[in-house]
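One-letter residues, chain by chain:
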Amino acid sequence: MTLPLHPESIAALYEYLRSMPPFRTLKGMPHADEVEFWVVKDRERFGWYRRIGGRPRISISSPSIGQTVTLIETLGHEMIHLVLECSGLETGGNENTHNAPFRKLAARFCKVHGLDLKAFY
């Protein structure tokens, strides 16, 4: 069975993750109402974060996400990019670059949610 993905359910999961460490105490973490959530059909990536027209956008790929745990990992990954960009700590440039602040938040996120940090990147 394919995991049904809808922007509304992704926004709800975003709010849940935003209410948990490490995001709960971070300044600059926007409410879901301030973020666009898109479901796309990209088979190359699980998801990505971009600022489009001044508004944060998280895109999640339906062909690449088949389980809830994968959705949590992907959304959490993109949320880290979002909060780092909002805090001025995102390095930008090469989208595969994960700087020290990213790695630190990723380790905290994975520990809280029982995820494998080695599979997170």
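Residues numbered from 1 in each chain as written. Predicted model: local features only at pLDDT ≥ 70, side-chain atom pairs only at ≥ 80, totals over all residues. Heavy atoms only, no water.

In the nomenclature of an unreviewed UniProt entry, the protein is known as SprT-like family protein of Bradyrhizobium erythrophlei.

> Help me understand the sheet that holds strand E3 (residues 55–61) in this model?
Ordered in space as E1-E3-E2, the three strands form an open sheet in which the pairing is mixed. Bordering the open sheet on either side are strand E1 (36–40) and strand E2 (47–52), each of which pairs with just one other strand. For this sheet the average axis-to-axis angle between neighbouring strands, irrespective of direction, equals 25°. Pairing geometry for E1 and E3, over five bridges, is parallel. Bridging from a neighbouring strand, phenylalanine 37 pairs with isoleucine 58 of E3. Packing against the sheet, helix H1 (residues 7–18) makes contact with E1 and E3, and its axis sits at approximately 130° to E1. On the sheet, helix H2 (residues 68–86) packs against E1, E2 and E3 and is oriented at approximately 30° with respect to E2. (Pairing = 2+ DSSP bridges. Helix = DSSP H or I, 4+ residues; strand = E, 2+ residues; numbered from the N terminus. Axes fitted to C-alpha atoms, helices over the stretch in contact; angles between N-to-C directions. Contact = heavy atoms within 4.5 Å.)

> Even after reading the chapter, I still don't get the environment of proline 7, so can you show me in this structure?
Along the chain, proline 7 falls in helix H1. Proline 7 gets classed as partly exposed once you look at its relative accessible area, which sits at 33%. Not counting chain neighbours up to four residues away, the residues in contact with proline 7 comprise Phe37 and Val39. (Buried < 20%, exposed > 50% of the residue type's maximum accessible area, 1.4 Å probe, protein only.)

> Help me understand the packing of H1 against H2, please; the structure alone is not making it clear to me.
Two quantities define a packed helix pair, namely the angle between the helix axes and the distance between the axes. It is at 10 Å that the axes of H1 and H2 come closest, and there the two elements cross at 65°. Taken together, the axes of H1 and H2 are roughly perpendicular relative to one another. Here H1 and H2 pass one another in a crossing that is right-handed. Residues Ile10, Leu13, Tyr14, Leu17 and Arg18 of H1 touch H2, and the partners they reach there are Leu71, Ile72, Leu75, Gly76, Met79 and Leu82. Partitioned by chemical class, the residues of the contact of H1 with H2 number nine nonpolar, one polar and one charged. (Parallel < 35°, antiparallel > 145°, perpendicular 65-115°, else oblique. Left-handed = near helix turned anticlockwise from the far one by under 90°. Nonpolar A, V, L, I, M, F, W, Y, C, P; charged D, E, K, R; others polar.)

> So what exactly am I meant to see when it comes to the nonpolar core here?
The nonpolar side chains of soluble globular proteins are, as a tendency, buried together. Ranked by size, the top nonpolar core spans 31 residues in total, and within it Tyr14, Phe37, Ile58, Leu75 and Ile80 carry the most contacts. Taken together, the elements giving at least two residues each to this core come down to H1, E3, H2 and helix H3 (100–113). Looking at this core, the element that brings in the most residues is H2, giving eight residues. If we ignore the near neighbours within four places in the chain, the residues touching tyrosine 14 are Met29, Pro30, His31, Ala32, Val35, Phe37, Ile58, Leu75, Met79 and Leu82. (Core = buried A, V, L, I, M, F, W, Y, C linked by side-chain atoms within 4.5 Å.)

> It is not clear to me how unusual backbone geometry should be interpreted in this structure. Could you clarify?
Peptide bonds are mostly trans, and most non-glycine residues show a negative phi. With an omega dihedral of 5°, the bond running from proline 21 to proline 22 counts as a cis peptide bond. By the secondary structure assignment, proline 22 is in the loop between H1 and E1.

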